[in-house]
Amino acid sequence: MTVFGQLYRRNLRQMPRIPAVLVFGIVMPIIQLLLFGSVFSNTVDIPGHPLFGTDTSYYTFIAPAIILLTAVIGMANSSAAFIVDLRTGYFDKLRTTPASPSGVILARLMAEMTRVFLQGVLIMGLAVAIGGLPETGLLGAFLILLAAVVFGTMTTGMAVMILAMKTRSDQATQAMFPLFFLLLFMSTAFMPENLLPDWLATIASFNPVDYMIQGLRGLMIDGWSNALVDLAIGLGLGAAVGFVLVLVNVRVYRRILG
Amino acid sequence: MADAQARGRPVIQVRDLEKRYRDGTYAVRGVSFDVHRGEIFGLLGPNGAGKTTTMHVLGTLHRATGGAARILGHDVAHQPHAIRRRIGFAMQDVGIDDLATAEEMLVFHARLHGIRGREARRRAAELLDTFDLTKHRKRRVTAFSGGMQRRLDLAVSLIHDPDVLFLDEPTTGLDPHSREDLWATLRRLRDERGLTVLMSTHYMDEADELCDRIAIIQDGRIAAIDTPRHLKRNVGADTIQVELGAHPDDWQKTVLREGFRGAPVRLRDGTLELRVQDGGESLLPALRVVDRAGLSVRSTRVLSPTLNDAFLKYTGKRLEEDEP
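Please read all numbers here as calculations on a predicted model, not as lab measurements. (Residues numbered from 1 in each chain as written. Chains lettered and ligands numbered in written order. Predicted model: local features only at pLDDT ≥ 70, side-chain atom pairs only at ≥ 80, totals over all residues. Heavy atoms only, no water.)

1. Digging into the sheet that holds strand E3 (residues 40-44) of chain B
Residues and elements named next belong to chain B.
So, point 1. Strand order in this open sheet of six strands is E6-E7-E8-E3-E9-E10, and the pairing throughout is mixed. The outermost strands of the open sheet, each flanked by one partner alone, are strand E6 (87-90) and strand E10 (221-226). Each neighbouring strand pair of the sheet contributes to a mean axis angle of 15 degrees, computed without reference to strand direction.
So, point 2. The pairing of E3 with strand E9 (residues 213-218) spans four bridges and is classified as parallel. Bridge pairing links Phe41 to Arg213 in E9. (Pairing = 2+ DSSP bridges. Helix = DSSP H or I, 4+ residues; strand = E, 2+ residues; numbered from the N terminus. Axes fitted to C-alpha atoms, helices over the stretch in contact; angles between N-to-C directions.)

2. Notes on the domain arrangement of chain B
Residues and elements named next belong to chain B.
So, point 1. With domains assigned, chain B is organised as domain 1 (1-86 + 163-236 + 305-324), domain 2 (94-161) and domain 3 (238-304).
So, point 2. When each unit is reduced to the centre of its C-alpha atoms, the spacing between domain 1 and domain 3 is 40 Å.
So, point 3. Listed per partner, the contact involves five residues of domain 1 and four residues of domain 3.
So, point 4. Counting each side, the surface lost to burial between domain 1 and domain 3 is near 350 Å², with a carbon and sulfur contribution of 36%.
So, point 5. Among the residues of domain 1 in contact with domain 3, Arg233, Gly236 and Pro305 are the three that bury the most area, contributing 92% of the side total.
So, point 6. On inspection of domain 1 and its partner domain 3, the count reaches one salt bridge.
So, point 7. When the shortest N-O distance is used, the salt bridge between Arg233 and Asp238 registers 3.7 Å.
So, point 8. Applying the counting criterion to the domain 1 and domain 3 interface returns one residue pair in polar contact (both at pLDDT 80 or more).
So, point 9. Among the residues making up the side of domain 1 that touches domain 3, the classes are represented as one nonpolar, two polar and two charged. (Domains from an automatic or database assignment. Contact = heavy atoms within 4.5 Å. Buried area = accessible area lost by both parts, 1.4 Å probe. Salt bridge = Lys/Arg side-chain N within 4 Å of Asp/Glu carboxyl O. Polar contact = N/O pair within 3.5 Å; in protein donor to acceptor, adjacent residues only side chain to side chain. Nonpolar A, V, L, I, M, F, W, Y, C, P; charged D, E, K, R; others polar.)

3. Remarks on the pairing of E3(B)
All names here are of chain B.
So, point 1. With five of five residues buried, E3 lies mostly within the body of the structure.
So, point 2. The alternating pattern of E3 places Ile40, Gly42 and Leu44 on one face and Phe41 and Leu43 on the opposite face, and all of these are buried.
So, point 3. Of the pairings in the sheet, the one linking E3 to strand E8 (residues 196-201) comprises five bridges and is parallel in character. Bridge pairing links Ile40 to Val197 in E8. (Buried < 20%, exposed > 50% of the residue type's maximum accessible area, 1.4 Å probe, protein only.)

4. Some words on the environment of B:Thr172
Residues and elements named next belong to chain B.
So, point 1. Looking at the secondary structure, you find Thr172 in the loop between strand E7 (164-168) and helix H6 (176-193).
So, point 2. Residue classification places Thr172 among the partly exposed positions, given a relative accessible area of 28%.
So, point 3. The spatial distance from the C-alpha of Thr172 to the C-alpha of Asp93 is 9.6 Å, given a sequence separation of 79 residues.
So, point 4. Setting aside residues no more than four positions away along its own chain, Thr172 makes contact with Arg150, His202 and Tyr203.

5. Observations concerning the packing of helix H4 (residues 79-88) of chain A against helix H7 (residues 137-167) of chain A
Residue and element names in this part refer to chain A.
So, point 1. Contact geometry for H4 and H7: axes closest at 10 Å, N-to-C directions at 25 degrees. Accordingly, the angle class assigned to the pair H4 and H7 is roughly parallel. For the pair H4 and H7, the crossing hand works out as right-handed. Of the residues in H7, those touching H4 at Ser79, Phe82, Ile83 and Leu86 are Val160, Met161, Ala164 and Met165.
So, point 2. Here the residues of the contact of H4 with H7 are counted per class, giving seven nonpolar, one polar and no charged. (Parallel < 35°, antiparallel > 145°, perpendicular 65-115°, else oblique. Left-handed = near helix turned anticlockwise from the far one by under 90°.)

6. Regarding the interface of chain B and chain A
So, point 1. Counting residues at the interface gives 35 residues for chain B, matched by 30 residues for chain A.
So, point 2. Note on chain B versus chain A: buried area summed over both sides is about 2,800 Å², and carbon and sulfur give 54% of it.
So, point 3. Of all residues in chain B, B:Leu99, B:Phe108 and B:Leu112 give up the largest surface area on contact with chain A, accounting jointly for 23% of the area buried on that side.
So, point 4. Remark: the boundary between chain B and chain A carries four salt bridges.
So, point 5. Close ionic contact of B:Asp153 with A:Lys93 constitutes a salt bridge, the shortest N to O distance being 2.6 Å.

Shown next, in the form of structure tokens:
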């Protein structure tokens, strides 16, 4: 196994040992799906709602948003173990071994992506149990999970790595949560665009998170044709954010190396 | 310890090393030294003297802003990966994986260095035994005491049998017994494996007991490099103090003067002070002279220069003055 493989395996082994992240990552998304699904379930009976008059469940409607939320929050939590390594000096210890610093950080992100993907599988499984398979089938389900995880990594995953290296503080990285909740609620995550107030619909049209939700939901409910454009825009915007964050990460890391 | 200079090409070569921060202050300025194979070389100085920065640059953790350094023939600025394969580094802040057990950490680091399967586990078991951690091997390292964590960190640094070991303040936080155990282990590794050690310390006794050579470092510059013995010897001679039973009369003073044959000697408050090159060897002859003069002796003391005296001589201040 390569050095990268060793680092990846070590990171996976750590996960059950940070119960807060594990419990938060598993329990919260399930609660969110069941809670939001229950609270807003009657909105499908409003004329004008895309699901009005259909037999598609509201759980199916919000499942992509919850999966995206899980991915983004999950990746925001990805700094927890990294901060432990930074605080204990173990990150520096690893820097004196054949493990390259970029490899250490990438292996961390890969392991967190694996964790978040598995959390997403849990949500998807629950959504499928309640409302059936996505319109695009198993391949679509896989793509929804993958796209959500990639988006979460490019945005919050990269951002928390910067905050972790700069501040070595859990509080600083958790400042990401409210920001994403804001972006989520200023989107069509829970309500279709035509039922949002005009001002909110306008904001949503500039919100990269909304493109992701539209794309993921398209795969879930509509099929391949409509979804891929939105998904491509969402991932493209996420990649642009991710690119900038990678540059900042490199800059911050070089400062550490001094 | 055999003469280090006879060991061939230096394992560590440092020339005019400089580390300047963005605010213009220098952590290290013009540091040069060589360390030879099998040598335990100490950087002795107070906190903030530049010891850790020097070690971090040589250990490829920080980049120098000037000068050059080679470890095992590899340039630290351009060949860090080659260096990292052959060094072990135990830092001042113990670098341990809080979420692993002792055994997991050792095996993981063995694997990072390409040591696989049974061999990784064998080496882990051997080092756990060496550092008296075998019975704790399945425990998470968060449950370890500070001393145990430091021992584990050192074991991890040795898992790949490195050629050079960097130790930054290795015995800080250790009890006296653990310190001496660690010194013995390092001496054994040096003798058995030819391990080269570059260590920093602000403990005089550690530098004196353990290091083959010492660089006295202050304000980012090296003030002197030599063996502990030579550094102390360069401060000056030993002093023999003989507290006499009575004040000598003129005849007795004459006997003393003739007996010591013009050596630097003075009588102060009933105590004879004699400056000699080797206090241990000169004590008995000195007491014979005192006896010839018919004087009784209440007590004797042999005072040798300490490393702190050497530090004072080369830097103008005592090392302890900087300690909290």
